[in-house]
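# Survey of secondary and tertiary structure
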Amino acid sequence: MVTFMLVSALMLPLRSASAQDAALVPDISVTAALTGFSSTAGLPSMEQTYTVTGTALTDDIVITAPTDFQVSLTSGSGFVSALSLPQVEGSVAETLIYVRMNRAEAGSAGGAITHASAGAVQVDVAVSGTAAEAEAWAQNATPQEGAIEPESQGDITYNWEAY
């Protein structure tokens, strides 16, 4: 819509909000389809990934993981509780984010990974998972009847051959 204003007998168009103006609003976009994480207490889970992009930004995108979760820009290493994606000329190119659960105790964990930048609407990605007891498989183990005590065997030599 264009509105005119009469100034000294001249008709001047007044600028109204347009799609171009909307494009100047800082925006963070996240594409994620994360499923529940599972691990053994004290050990990290398998990684999952999602992507982040940003447009019309005036500041970097800060990604913060909830307690018991970590994020990285590299598969297999560099996992931290928070990281920044630097904007270059207002943009953050599509970036792959690796996420894992790393819970010290057995039990459930959950929350949201937050994605924030000045002036942009924060985008949250829900995460949840369960860590199993570290030694659950051995809690009820007992020696088998007739087990041989290691001290009674003397020296044992093993020879390994590759086939």
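Here's a quick rundown of the structure. (Residues numbered from 1 in each chain as written. Predicted model: local features only at pLDDT ≥ 70, side-chain atom pairs only at ≥ 80, totals over all residues. Heavy atoms only, no water.)

What follows is about the sheet that holds strand β4 (residues 37-40). A sheet is described by the order of its strands in space; here five strands give the open sequence β4-β11-β10-β6-β8, paired in mixed fashion. At either margin of the open sheet sits one strand with a lone partner, and together these are β4 and β8 (82-85). Taking the axes of each pair of neighbouring strands and ignoring which way they run, one obtains an average angle of 20 degrees across the sheet. As paired elements, strand β6 (residues 61-64) and strand β10 (residues 107-116) share three bridges and run antiparallel to each other. Considered in β10, the bridge of Val 62 is made with Ala 116. (Pairing = 2+ DSSP bridges. Helix = DSSP H or I, 4+ residues; strand = E, 2+ residues; numbered from the N terminus. Axes fitted to C-alpha atoms, helices over the stretch in contact; angles between N-to-C directions.)

On to the pairing of strand β9 (residues 92-101). Burial within β9 is extensive, with seven of its 10 residues counted as buried. Bridge count for strand β5 (residues 48-55) against β9 is six bridges, and the pairing is antiparallel. The partner of Thr 49 across the bridge, within β9, is Tyr 98. Here strand β7 (residues 69-72) pairs with β9 via four bridges, running antiparallel. Its bridge partner lying in β9, Val 71 is registered against Val 99. (Buried < 20%, exposed > 50% of the residue type's maximum accessible area, 1.4 Å probe, protein only.)

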